[in-house]
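Per-entry structural report
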Amino acid sequence: MAREDAMNINEIRNAARRNAGHVRRTPLLTSPFLDEIAGRQVFVKPECLQHTGSFKYRGAHNAISQLSAQQRELGVIAYSSGNHAQGIALAARQNQTPATIVMPSDAPQLKIDNTRALGAKVVLYNRMTEDRDQIGADLSRQHRLTLIKPFDNKDVIAGQGTVGLEIANQARDAGIRNAQVLVPCGGGGLTAGIAIALEHDAPDMTVRPVEPADFDDVTRSLHAEKIEINEKRSGSICDAILTPAPGDLTFPVMTRLCGAGIVVTDKDCLRAMALAFTRLKLVIEPGGAVALAAALFQPLEIKGDAVIVVVSGGNVDAPLFADALNRFA
């Protein structure tokens, strides 16, 4: 069986049942002001309103809720720039499970502080000179911790796919059948999960991954039909989605189900953040804003009278958010 076959609609529906009563069902929001800028209807799925401020709690809760009693007692480990970290920390605390999180030292201080406040042990590393995968693997082996990867984990992908189930139902209620769904994309866990869900529940919709300029490994990989790696490891404000390459599990799914990627600038992310606050009263982090930036400022990349935009997170440090508002609000 191919590895992507392990990630199917049944796993996503099971994840939705496990997460019921724990995960928030986020709405679809609209604004005539955003529609005017985009030249089409824009429907925004604000996962910044999810527990811990991002969609990552969905996959974290689904994965940790399936651990054995022994695994829960020994604890879990994850690596993350902050959103997966917080999702794992909260889900671990809810399941009385110790959590260790490997985080880059240049992650937003808000994300580091929140992860610690949720009870996790934080291990910092230099993303320019150290390998988080190796650090995580070494700590997992030394302390018998269960490693929960941020995107290359089928239970995490299934949990993120519940966003797609909600989009399909909400779009149906809103009378939307044929639309492109723009998704902020790092390693591809959210993108792949949504694509699998929509393949079954809204087959006329097409998922488009969106990335920041200079960190467009998924866009280049889809075009080349093979995994491409980012040479840079930092240098964008979109910290939440700066990954070296698409995942081994996620890339085959995205290749089969997704349309071409879209690339946006940091400046347009800041503009989108300001507009989301002004028009929707949402606080969005830069990485969470890339899909909205694409919808608003790259209309020629998108087809159709309506577009659905996933806002993946809202964990932004105050000075950066204030800069976006001061410059563009």
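Rules and cut-offs
- Residues numbered from 1 in each chain as written.
- Predicted model: local features only at pLDDT ≥ 70, side-chain atom pairs only at ≥ 80, totals over all residues.
- Heavy atoms only, no water.
- Helix = DSSP H or I, 4+ residues; strand = E, 2+ residues; numbered from the N terminus.
- Rg over C-alpha atoms; globule rule 2.2 N^0.38 Å.
- Buried < 20%, exposed > 50% of the residue type's maximum accessible area, 1.4 Å probe, protein only.
- Contact = heavy atoms within 4.5 Å.
- Lys, Arg positive; Asp, Glu negative; His and termini not counted.
- Charge placed at Lys NZ, Arg CZ, Asp CG, Glu CD.
- Phe/Tyr/Trp six-rings, centres within 6.5 Å; stacked < 30°, edge-to-face > 60°.
- Lys NZ or Arg CZ within 6 Å of the ring centre and 35° of its normal.
- Polar contact = N/O pair within 3.5 Å; in protein donor to acceptor, adjacent residues only side chain to side chain.
- Expected span 1.5 Å × (residues − 1).
- Arc of directions from axis to C-beta.
- Core = buried A, V, L, I, M, F, W, Y, C linked by side-chain atoms within 4.5 Å.
- Salt bridge = Lys/Arg side-chain N within 4 Å of Asp/Glu carboxyl O.
- Pairing = 2+ DSSP bridges.
- Axes fitted to C-alpha atoms, helices over the stretch in contact; angles between N-to-C directions.
- Parallel < 35°, antiparallel > 145°, perpendicular 65-115°, else oblique.
- Left-handed = near helix turned anticlockwise from the far one by under 90°.
- Nonpolar A, V, L, I, M, F, W, Y, C, P; charged D, E, K, R; others polar.

To continue, consider the overall build of the chain. The secondary structure content of the chain amounts to 14 helices and nine strands. Compactness check: the chain gives a C-alpha radius of gyration of 18 Å against a globular reference of 20 Å for 329 residues, within 12% of the reference. By its C-alpha atoms, the chain is 55 × 45 × 40 Å across when sized along the principal axes. Residues counted as buried form 59% of the 329 residues belonging to the chain. Long-range contacts, defined here as pairs at least 24 residues apart, represent 74% of the contacts in the chain between residues at least 6 apart. If you average the places of the 35 positive and of the 36 negative side-chain charges in the chain, the two averages end up 4 Å apart.

The next subject is the packing of aromatic side chains. Enumeration according to the criterion identifies one aromatic pair in this entry. An angle of 85° between the planes, with centres 5.6 Å apart, marks the rings of Phe277 and Phe321 as edge-to-face. Here Phe277 is found in helix α12 (residues 266–280), whereas its partner Phe321 is found in helix α14 (residues 318–328), with 44 residues between them in sequence. Taking the relative accessible area as the measure of exposure, Phe277 reaches 34% and is therefore partly exposed. Over the ring of Phe297 we find Arg271, and its NZ or CZ is 3.8 Å from the ring centre. Seen from the ring of Phe33, Arg279 lies directly overhead, with NZ or CZ sitting 3.8 Å from the centre.

So, on to the side chain of Ser236. Residue placement: Ser236 occurs in the loop between α10 (217–224) and α11 (250–257). The class for Ser236 is buried, based on a relative accessible area of 14%. A distance of 3.0 Å separates the side chain of Ser236 from the backbone nitrogen of Cys238, its partner in a polar contact. Looking at Ser236, its side chain comes within polar contact range of the side chain of Asp266, at 2.9 Å. Residues in contact with Ser236, not counting those within four places in the same chain, are Pro212, Phe215, Leu242 and Asp266.

Turning our attention to helix α7 (residues 132–143). Between the first and last C-alpha of α7 there are 16 Å, a value that for twelve residues agrees with the 16 Å anticipated at 1.5 Å per step. Of the residues making up α7, those classed as buried are Arg132, Ile135, Gly136, Leu139 and Ser140. The buried side chains of α7 occupy one side of the element, clustering within an arc of 130° when seen end-on. Residues of α7 that are exposed and point more than 90 degrees away from the buried face comprise Arg141 and Gln142. Looking at the buried positions of α7, the neighbouring elements they touch are β2 (76–79), β3 (99–104), β4 (121–125) and β5 (146–147). Its side-chain oxygen 2.9 Å from the backbone nitrogen of Asp133, Asp131 forms the N-cap of α7.

Membership of the largest hydrophobic core comes to 39 residues, with the highest contact counts inside it found for Val181, Ile194, Leu198, Met205, Val207 and Ile308. Of all the elements in the fold, those that place two or more residues in this core are α1 (9–19), α8 (154–173), β6 (180–184), α9 (189–201), α10, α11 and β9 (306–311). With residues up to four places along the chain from it excluded, the contact list for Ile308 reads Leu28, Phe43, Ile167, Ala171, Ala179, Gln180, Val181, Leu182 and Met205. Counting residues in each nonpolar core, the second largest holds 36 residues, with Cys269, Met273, Ile284 and Val307 among its members.

Our focus in this paragraph is the pattern of salt bridges. Throughout the structure, instances matching the rule amount to 18 salt bridges. Measuring nitrogen to oxygen at the nearest pair gives 2.8 Å for the salt bridge that ties Asp201 to Arg13. Residue Asp201 is located in helix α9, and its partner Arg13 is located in helix α1; the two are separated by 188 residues in the primary sequence. The partly exposed category is assigned to Arg13, whose relative accessible area is 30%. Two residues, Glu301 and Arg208, come together in a salt bridge whose shortest N-O distance is 3.6 Å. In this pair, Glu301 sits in the loop between α13 (290–297) and β9 while Arg208 sits in strand β7 (residues 206–212), placing the two residues 93 residues apart along the sequence. Given a relative accessible area of 37%, Glu301 falls into the partly exposed group. Judged by relative accessible area, which is 6%, Arg208 ranks as buried. Residues joined by salt bridges that share partners form a network here, namely Lys45, Glu47, Arg58 and Glu166.

A separate point is the pairing of strand β1 (residues 41–46). Put simply, side chains in a regular strand alternate between the two faces of the sheet. For β1, a buried count of five out of six residues is recorded, marking the element as mostly surrounded by other parts of the structure. Across six bridges, β1 lies against β9 in parallel orientation. For Phe43, the partnering residue across the bridge sits in β9 and is Ile308.

Take the packing of α8 against α9 next. With their axes 7 Å apart at the nearest point, α8 and α9 run at an angle of 45° to one another. Looking at the two axes, α8 sits oblique to α9. Seen from above, α8 lies across α9 with right-handed handedness. Residues Ile157, Gln160, Gly161, Val163, Gly164, Leu165, Ile167, Ala168 and Arg172 of α8 lie in contact with α9, whose contacting residues are Gly189, Leu190, Ala192, Gly193, Ile194, Ala197, Leu198 and Asp201. In terms of residue class, the contact of α8 with α9 is made up of ten nonpolar, five polar and two charged.

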